[in-house]
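Given next are the chains, with one letter for each unit.
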Amino acid sequence: MNQTNSLNNSLLKWDKTHIGFTLSDRWLVFFSGYSMFSNVFDIIMGVFGCVTNTLNMVVFTNIGFKETINTSFFVLSVSDFFSCFTLFFIGVCMNPTVVRYFQSLSISMYDFSDLAFFVTHLMFVGASMIITAFLAVERCLCVAFPVKVKLLITPTTVKLILPFLFLFGISSQAPTYFAYRLEWVTDGNRTLLSNVYTEHGEAIMNSILLIDMVRNIASYVTIAICAFIISITLIRKSKWRKTVTRTDLTKHGNSSSSSSSYSNKETKVTKVVLLISLLFIFCYVPNLVMIVVMWVVDEFRMMEASQYIGAIYLFMVQTILMFEAFNITMNLFIYYNTSSKFNMTFNDIFSFHRKLMGKTRSEK
């Protein structure tokens with residue numbers, strides 16, 4: 001997404017008296033309804049995602065970070081938490097009632113939310129994307145070269161790499177703050193405090209778009225390739241394990257319990273990463289399509305170029321936000337249903353709190 005010249009003349013003010021594009025009543029009703037649904041969805045998922053990712057962080061902190069994968073999951077949860085936090089405020093700021101109120105104060109709420117929340121949301125989404133790619137690569141190497149990778153990817157190594165990846169993910173959007181400044185802009189009979197390009201603002205935003213395109217496509221392709229390799233490896237190892245188990249039972253009457261338990265543990269972790277990768281692949285298809293189209297079709301970045309291009313742009317932005325919201329809130333359910341250690345720790349923590357609350361009530 002090119003995050004922003006847009007929201008100056010940007011997001012369609014769904015009220016006909018403020019609309020920047022002349023759309024038919026039928027299209028106006030459709031986009032107005034879709035916008036309201038998107039706003040409500042973003043607010044609900046923002047709150048829900050903050051809760052689920054907080055629970056993730058609590059559980060992984062209790063599990064500990066002796067295993068590298070838990071550190072990666074924890075950092076991913078932190079990034080997803082802030083993505084959800086900013087998503088909530090995006091939903092609030094895009095609400096037509098909020099927009100009209102701030103317009104009465106001569107402030108463009110779209111422009112304010114753009115710099116205050118939308119850009120920061122993209123920062124943390126970028127960080128989550130890179131961390132997910134790292135998770136996929138690490139697990140892909142683990143299933144392909146288990147012995148060598150254990151020696152190379154140690155807990156210390158991961159703790160050094162992850163902060164760098166996190167900072168790299170959020171830094172790509174930081175130049176946006178140098179591309180715009182707030183100025184009073186006359187729009188018809190109104191003067192609003194809005195975003196305008198700085199002297200080199202357009203060049204900065206084009207550079208950000210290029211960086212985003214390369215990063216997003218590279219991350220997406222990396223995750224897709226790793227997910228494919230992991231899937232094939234899991235299928236092959238499952239067939240091999242069944243064959244070995246049958247052979248051991250025939251020869252010795254039992255199978256190696258220690259190696260079997262270790263193998264099962266590694267397989268469960270690999271399945272968690274695979275499911276997270278598949279969820280990412282599904283949810284980021286609209287994002288990938290959007291950024292490629294914006295790079296190929298210049299008019300798609302200029303919402304004033306055509307009323308329908310502008311409307312489609314806004315429709316896509318809202319769709320992308322909803323897909324992102326789904327992606328960054330669902331990991332808790334993957335962890336809980338796939339990882340036995342996460343499941344047990346989660347149940348232990350909250351059963352303890354339930355017992356504690358019950359004991360407190362009984363004492364009263």
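To be clear, the structure that these remarks concern was listed above.
What comes next concerns the included structure. (Residues numbered from 1 in each chain as written. Predicted model: local features only at pLDDT ≥ 70, side-chain atom pairs only at ≥ 80, totals over all residues. Heavy atoms only, no water.)

**As for the packing of helix α2 (residues 68-93) against helix α4 (residues 109-144)**
For the pair α2 and α4, interaxial distance at closest approach is 8 Å and the crossing angle is 160 degrees. Classed by the angle they form, the pair α2 and α4 counts as roughly antiparallel. Seen along the crossing, α2 lies across α4 with a hand that is left-handed. Of the residues belonging to the contact of α2 with α4, the class tally is 18 nonpolar, ten polar and three charged. (Axes fitted to C-alpha atoms, helices over the stretch in contact; angles between N-to-C directions. Helix = DSSP H or I, 4+ residues; strand = E, 2+ residues; numbered from the N terminus. Parallel < 35°, antiparallel > 145°, perpendicular 65-115°, else oblique. Left-handed = near helix turned anticlockwise from the far one by under 90°. Nonpolar A, V, L, I, M, F, W, Y, C, P; charged D, E, K, R; others polar.)

**Description of α2**
Compared with an ideal rise of 1.5 Å per residue, which puts 26 residues at 38 Å, α2 spans 38 Å between its outermost C-alpha atoms and is within 8% of the ideal. For α2, the tally of buried residues reaches 19 of 26 residues, placing the bulk of the element in the interior. (Expected span 1.5 Å × (residues − 1). Buried < 20%, exposed > 50% of the residue type's maximum accessible area, 1.4 Å probe, protein only.)

**Observations regarding helix α10 (residues 285-296)**
For α10, with twelve residues, the first-to-last C-alpha span of 17 Å sits near the 16 Å given by 1.5 Å per residue. Along α10, the positions that sit buried rather than exposed are Pro286, Asn287, Met290, Ile291 and Met294. Buried residues of α10 fall within an arc of 125 degrees about the axis and therefore sit on the same side. (Arc of directions from axis to C-beta.)

**A short note on the pattern of salt bridges**
For the coordinates displayed, the defined rule picks out three salt bridges. Linking Lys341 and Glu67 is a salt bridge whose minimum nitrogen-to-oxygen distance equals 3.5 Å. With Lys341 in helix α13 (residues 340-363) and Glu67 in the loop between α1 (25-63) and α2, this pair connects stretches of sequence that are 274 residues apart. Look at Lys341 and you get partly exposed, because its relative accessible area is 39%. Asp212 is paired through a salt bridge with Arg215; the nearest N and O atoms lie 3.5 Å apart. A residue pair is termed a helical-turn pair when its members lie 3 or 4 positions apart in one helix, as Asp212 and Arg215 do in helix α8 (residues 201-252) at three residues. (Salt bridge = Lys/Arg side-chain N within 4 Å of Asp/Glu carboxyl O.)

**Describing a nonpolar patch on the surface**
A surface patch of nonpolar side chains, about 470 Å² in accessible area, is lined by Leu210, Val214, Val292, Trp295, Val296 and Val297. Of all the secondary-structure elements, those providing two or more residues to the nonpolar patch are α8 and α10. Looking at the nonpolar patch element by element, the count peaks at three residues for α10. Inspection of the secondary structure assignment puts Val296 in helix α10. (Patch = residues over 30% accessible without salt bridge, like charges linked within 9 Å, V, L, I, M, F, W, Y side chains within 5 Å. Areas by Shrake-Rupley, 256 points an atom, 1.4 Å probe, with all protein chains shown as cover.)

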